Amino acid sequence: MKKVFKNPLLVKFFIGGSGALVVTTALIVNHSEHYRMARMIKQGSLRPSAATFDAKYCQFPIGSIESTLKKDPDLFCGLVGNKSTGKSTTLEYVASKQKNCIYCNVDGNGSFHLDDIIYGVMKDSIFTMPWFLSQIRLNGSLKRRTIIEKVFRKVKENTGEPVTVVVDIASENDLAFDKEVLASAESMKDAFMTKNASISFSSFNATVFTKQVKHYVADAKVMRCLFAASEGLMFQAEALREPRLKIYLSKELTIDMSKTYLDDKCDVPVEIVDNLVLQKFPRTFSSLRSFADTVDKDEFIRGAFKSEKAKIEETFRSCSVPLLPFSRHPVLSLYQLALQRPIQADDIQNICRLSESQFLAAFVKTNIFQPTKGGEFILQFDVTKEAVETVVKEKLSWY
């Protein structure tokens with residue numbers, strides 16, 4: 001063996017042969033990548049397991065969603081709105097029943113590009129070469145979007161059905177009342193119900209995401225899509241511009257549903273829960289569990305109301321505008337109107353004298369107002385209405 005390695009020709013042959021073998025192996029593995037990805041999708045390896053799902057607590061029309069995904073190939077659906085209202089659970093349940101499904105759970109605050117997300121999920125399901133060998137291909141310039149389309153087309157050819165991509169977008173980036181953020185929002189041209197792109201204060205952008213999904217669904221026709229996100233206003237704005245996007249808005253849980261949930265899941269008897277009590281804090285699944293786990297219910301209610309009131313009072317400081325002596329603050333006028341009817345886009349500028357970007361940052365991202373399908377804004381929770389009434393009475397007593 002020592003004599004072999006002392007021979008320079010044999011050493012060069014050994015090194016060269018090993019290198020050629022590695023390169024050839026990389027070429028074969030990388031070239032077969034999309035075949036193996038397609039096989040994993042067809043086998044259901046990327047589909048989530050059935051979620052713990054109880055239909056009586058679901059706010060979304062499951063039948064309508066499944067019918068849209070199956071019968072309207074050019075449409076894609078979104079579950080958007082309040083956090084902790086069952087969006088993710090509903091999403092997993094629908095995904096578990098879909099054929100050729102890819103489930104993606106992503107962070108909307110990080111780097112977000114649909115091509116990278118889908119490709120990453122598919123790549124994690126198969127054997128791949130190390131990063132320094134993964135680009136050794138017969139066509140080295142092949143883009144990820146092209147690879148994804150090849151995989152999806154192969155699945156569709158073999159099964160007769162397109163791939164269903166289900167995306168759960170988790171975003172924890174709720175805006176605080178930051179003057180620098182509001183100032184930057186003031187200079188932005190993106191605004192609700194305009195021809196420009198939607199405002200997105202995190203790295204996630206609803207407009208870009210919608211365009212990316214539209215390419216696969218409506219243009220390439222190789223994919224169905226269902227997603228969930230807390231960016232309710234952003235996607236509601238997109239739905240006005242993109243007729244292929246069908247939005248289902250989540251809302252605050254009804255009092256009857258909340259009482260049933262407390263009795264069934266949290267062991268809190270219906271008889272001891274008063275309707276007025278449930279109107280004192282935001283009715284979401286997480287808040288109901290916190291209410292059930294808290295020993296001092298009165299303290300929990302006072303804390304929830306105090307937090308909601310403080311959030312509303314902060315809007316007067318964060319949205320300060322030049323005022324004449326003894327004149328009424330425009331935010332106060334906005335809240336008075338909101339207690340009577342939904343806020344319209346014209347009211348934001350005519351009454352409140354705020355730009356739409358400021359309104360989004362101060363009132364919508366902070367869960368004071370919620371968008372409606374008609375493009376109007378309503379107070380989000382019952383406790384929000386009560387807090388607004390209290391603040392309005394206190395402010396009016398000063399005049």
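These figures come from a predicted structure and were not determined experimentally. (Residues numbered from 1 in each chain as written. Predicted model: local features only at pLDDT ≥ 70, side-chain atom pairs only at ≥ 80, totals over all residues. Heavy atoms only, no water.)

1. Quick look at the overall build of the protein
Turning to step 1, where the next piece is worked out: If you tally the helices and strands in the protein, you get 18 helices and 7 strands.
Turning to step 2, where the next piece is worked out: Considering the protein as a whole, with its 399 residues, one finds that 48% of them fall into the buried category.
Turning to step 3, where the next piece is worked out: Working note: accessible area of the protein is about 20000 Å², and carbon and sulfur atoms make up 54% of it. (Helix = DSSP H or I, 4+ residues; strand = E, 2+ residues; numbered from the N terminus. Buried < 20%, exposed > 50% of the residue type's maximum accessible area, 1.4 Å probe, protein only. Areas by Shrake-Rupley, 256 points an atom, 1.4 Å probe, with all protein chains shown as cover.)

2. A few points about unusual backbone geometry
Both trends apply: most residues other than glycine have a negative phi, and most peptide bonds are in trans.
Turning to step 1, where the next piece is worked out: For Lys 221, which is not glycine, the phi torsion reads 55° and is therefore positive.
Turning to step 2, where the next piece is worked out: Tracing the chain through its elements places Lys 221 in the loop between α9 (206-219) and β4 (223-229).
Turning to step 3, where the next piece is worked out: Of note in this structure, Asp 267 is not a glycine but carries a positive phi near 60°.
Turning to step 4, where the next piece is worked out: Along the chain, Asp 267 turns up in the loop between α11 (255-265) and α12 (275-278).

3. Topic: the environment of Thr 68
Turning to step 1, where the next piece is worked out: For Thr 68, the location among the structural elements is in helix α4 (residues 62-71).
Turning to step 2, where the next piece is worked out: Sequence separation of Thr 68 and Lys 246 is 178 residues, and the distance between their C-alpha atoms is 8.8 Å.
Turning to step 3, where the next piece is worked out: The contact partners of Thr 68, leaving out residues within four places of it in the chain, are Leu 75, Cys 77, Lys 246 and Tyr 248.
Turning to step 4, where the next piece is worked out: A polar side-chain atom of Thr 68 sits 2.8 Å from the main-chain carbonyl oxygen of Ser 64. (Contact = heavy atoms within 4.5 Å. Polar contact = N/O pair within 3.5 Å; in protein donor to acceptor, adjacent residues only side chain to side chain.)

4. A few points about the pairing of strand β5 (residues 245-250)
Turning to step 1, where the next piece is worked out: Most of β5 sits out of view: 5 of its 6 residues are buried.
Turning to step 2, where the next piece is worked out: Examined bridge by bridge, strand β1 (residues 76-81) and β5 share 6 bridges and lie parallel to one another. Within the sheet, the bridge partner assigned to Leu 79 lies in β5 and is Tyr 248. (Pairing = 2+ DSSP bridges.)

5. Overview of the pattern of salt bridges
Pairing between side chains of opposite charge can happen when the charged atoms of each approach one another.
Turning to step 1, where the next piece is worked out: All chains considered together, the criterion is met by 18 salt bridges.
Turning to step 2, where the next piece is worked out: As a salt-bridge pair, Arg 153 and Glu 149 come within 3.4 Å of each other at their nearest N and O atoms. Of the two residues, Arg 153 and Glu 149 both sit in helix α7 (residues 144-159), 4 residues apart, roughly one turn of that helix.
Turning to step 3, where the next piece is worked out: Here Glu 242 makes a salt bridge to Lys 214, at a shortest N to O gap of 3.9 Å. In this pair, Glu 242 sits in the loop between α10 (232-241) and β5 while Lys 214 sits in helix α9, placing the two residues 28 residues apart along the sequence. (Salt bridge = Lys/Arg side-chain N within 4 Å of Asp/Glu carboxyl O.)

6. A closer look at the pairing of strand β2 (residues 101-107)
Turning to step 1, where the next piece is worked out: β2 sits mainly inside the fold: 5 of its 7 residues count as buried.
Turning to step 2, where the next piece is worked out: Where β2 and strand β3 (residues 163-170) come together, 7 bridges link them in parallel fashion. Residue pairing for β3: Asn 105 is matched across the bridge by Asp 168.

7. Examining the packing of helix α14 (residues 297-318) against helix α15 (residues 330-338)
Turning to step 1, where the next piece is worked out: The N-to-C vectors of α14 and α15 enclose an angle of 140°; their axes lie 9 Å apart at closest approach. Of the possible angle classes, the one that applies to α14 and α15 is oblique. Between α14 and α15, the contacting residues are Ile 312, Thr 315 and Phe 316 on the first element and Val 331, Leu 332 and Tyr 335 on the second.
Turning to step 2, where the next piece is worked out: Residue composition of the contact of α14 with α15, grouped by class: 5 nonpolar, 1 polar and no charged. (Axes fitted to C-alpha atoms, helices over the stretch in contact; angles between N-to-C directions. Parallel < 35°, antiparallel > 145°, perpendicular 65-115°, else oblique. Nonpolar A, V, L, I, M, F, W, Y, C, P; charged D, E, K, R; others polar.)

8. A look at the environment of Asp 115
Turning to step 1, where the next piece is worked out: Within the secondary structure, Asp 115 sits in helix α6 (residues 114-124).
Turning to step 2, where the next piece is worked out: Judged by relative accessible area, Asp 115 falls into the buried class, the value being 7%.
Turning to step 3, where the next piece is worked out: Measuring from C-alpha to C-alpha, the distance between Asp 115 and Lys 143 comes to 9.5 Å, with 28 residues separating the pair along the chain.
Turning to step 4, where the next piece is worked out: When residues no more than four places from it in sequence are discounted, the contact partners of Asp 115 are Arg 145, Ile 148 and Tyr 216.
Turning to step 5, where the next piece is worked out: A polar atom in the side chain of Asp 115 sits 2.5 Å from the side chain of Tyr 216.

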